[in-house]
Amino acid sequence: MHFHKKPSWDKFKDSDVTPEEVFNDRRRILKQMGFLGAGALLSSNANAGIFDLFGNKKEKQTFLRSDLPHTQNTEYDSVLNGALTPESKIITHNNFYEFGTGKSDPAENAQGFKVDPWKLVIDGLVDNPLTLDYDDLMKLFALEERTHLLRCVEAWSMVVPWVGFPLASLLKKAGVKSHATHVAFETLFDPEQMPGQKSRLMGGGIHYPYVEGLTINEAMNPLSFMAVGLYGKTLPPQNGAPIRLVVPWKYGFKSIKSIVRIRVMDKQPPTSWNQLASREYGFYANVNPNVDHPRWSQATERRIGEGGLFSAKRINTQMFNGYGEQVADLYSGLDLTRHF
Ligand code: MTE
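Reading the values: the criteria
- Residues numbered from 1 in each chain as written.
- Predicted model: local features only at pLDDT ≥ 70, side-chain atom pairs only at ≥ 80, totals over all residues.
- Heavy atoms only, no water.
- Near = heavy atom within 4 Å.
- Polar contact = N/O pair within 3.5 Å; in protein donor to acceptor, adjacent residues only side chain to side chain.
- Areas by Shrake-Rupley, 256 points an atom, 1.4 Å probe, with all protein chains shown as cover.
- Nonpolar A, V, L, I, M, F, W, Y, C, P; charged D, E, K, R; others polar.
- Pairing = 2+ DSSP bridges.
- Helix = DSSP H or I, 4+ residues; strand = E, 2+ residues; numbered from the N terminus.
- Axes fitted to C-alpha atoms, helices over the stretch in contact; angles between N-to-C directions.

Let us look at the site of the ligand. Close to the ligand lie 16 residues; Asn94, Tyr97, Glu98, Arg244 and Lys257 are nearest. Here Thr187 contributes a side-chain N or O atom positioned 2.9 Å from a nitrogen atom of the ligand. Considering the ligand on its own, with 530 Å² of exposed area, one finds that the protein chains cover 98% of that surface. Of the residues belonging to the shell around the ligand, the class tally is seven nonpolar, six polar and three charged.

Here's what the structure looks like:
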């Protein structure tokens with residue numbers, strides 16, 4: 001599971017190539033047949049990495065991603081309003097300011113990023129502080145595939161088949177103390193590997209390391225997910241390898257990448273975008289079509305991979321990104337206009 005110089009598509013023959021539609025269709029058929037949940041059956045999905053071939057920047061992709069054994073969790077699929085975003089788009093249209101602020105910068109600049117060895121520390125208000133290495137991240141918990149909507153605060157969105165495990169499983173293993181109220185997350189700080197951390201211009205003015213946070217109830221919600229893969233294989237560095245958070249009812253900036261520390265606390269932790277521009281980015285950052293960003297509307301979004309870059313086709317943004325049934329209770333009595 002290391003990065004190698006040899007491009008990952010080298011090992012595939014033309015005859016192996018299966019378009020994304022086949023992946024979508026295979027998933028639909030298996031679902032209809034009641035096979036979802038049988039991880040072994042879906043191992044062929046792991047070959048979804050061949051979709052790398054469709055990437056228009058394939059010459060830049062020098063990492064090797066490994067297949068991840070997983071089961072299917074389709075519990076949240078009813079929320080999905082569109083086809084899976086092609087893998088080639090998910091891994092070339094990124095926000096990861098540690099590698100530059102342009103959408104193609106992370107895929108271009110992160111290829112040499114070392115993810116193994118890795119160390120993730122879970123500490124703070126827990127009974128059993130944990131230190132997990134790369135293999136622990138991949139093997140300690142049963143991995144499942146979940147497809148979630150990712151809605152960026154910049155009003156674009158994707159439909160991503162993540163592979164990982166619930167954040168709650170990790171927190172339960174560490175044993176959260178009863179007076180804990182929040183969980184803080186921290187990305188690796190390594191300016192030698194992450195050029196955006198060396199230069200204020202390249203790093204978008206963020207004060208590194210990138211930090212994020214959730215309330216303890218948000219963190220324990222079954223929707224909060226630790227992703228170690230996408231499209232059946234380990235994450236590429238530009239998507240937050242080896243492990244990132246996925247909080248599908250919140251704007252994408254909450255879904256912090258390449259995490260090295262998770263700290264359970266009894267107060268609200270600082271968060272990077274809120275520190276940078278508190279009037280524009282709140283702590284909660286729930287997807288909300290009724291509360292506009294001060295500089296643009298949040299009522300609609302552009303689905304990446306559908307229509308051209310300048311296509312006028314937009315879709316309506318859903319409250320809590322469509323996940324209201326699972327999370328609206330967390331905010332009862334809270335004024336979401338003030339607590340945006
Ligand atoms: N995590 C770190 N460490 N640095 C970042 O710049 N960008 C965030 C989030 N996590 C970011 C990050 C933003 S703004 C978004 S929209 C998502 O990652 C994008 O995830 P993706 O590139 O996998 O689509």
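This next bit is on the sheet that holds strand β11 (residues 259–265). Taken in spatial order, the five strands make up an open sheet running β3-β2-β11-β6-β7, and their pairing is mixed. Of all the strands in the sheet, just β3 (130–133) and β7 (211–215) have a single pairing partner and so form its edges. Neighbour to neighbour, the strand axes of the sheet diverge by 15° on average, direction disregarded. Relative to β7, strand β6 (residues 182–187) is paired through five bridges, and the arrangement is antiparallel. Each residue of the ladder has a partner; that of His182, found in β7, is Thr215.

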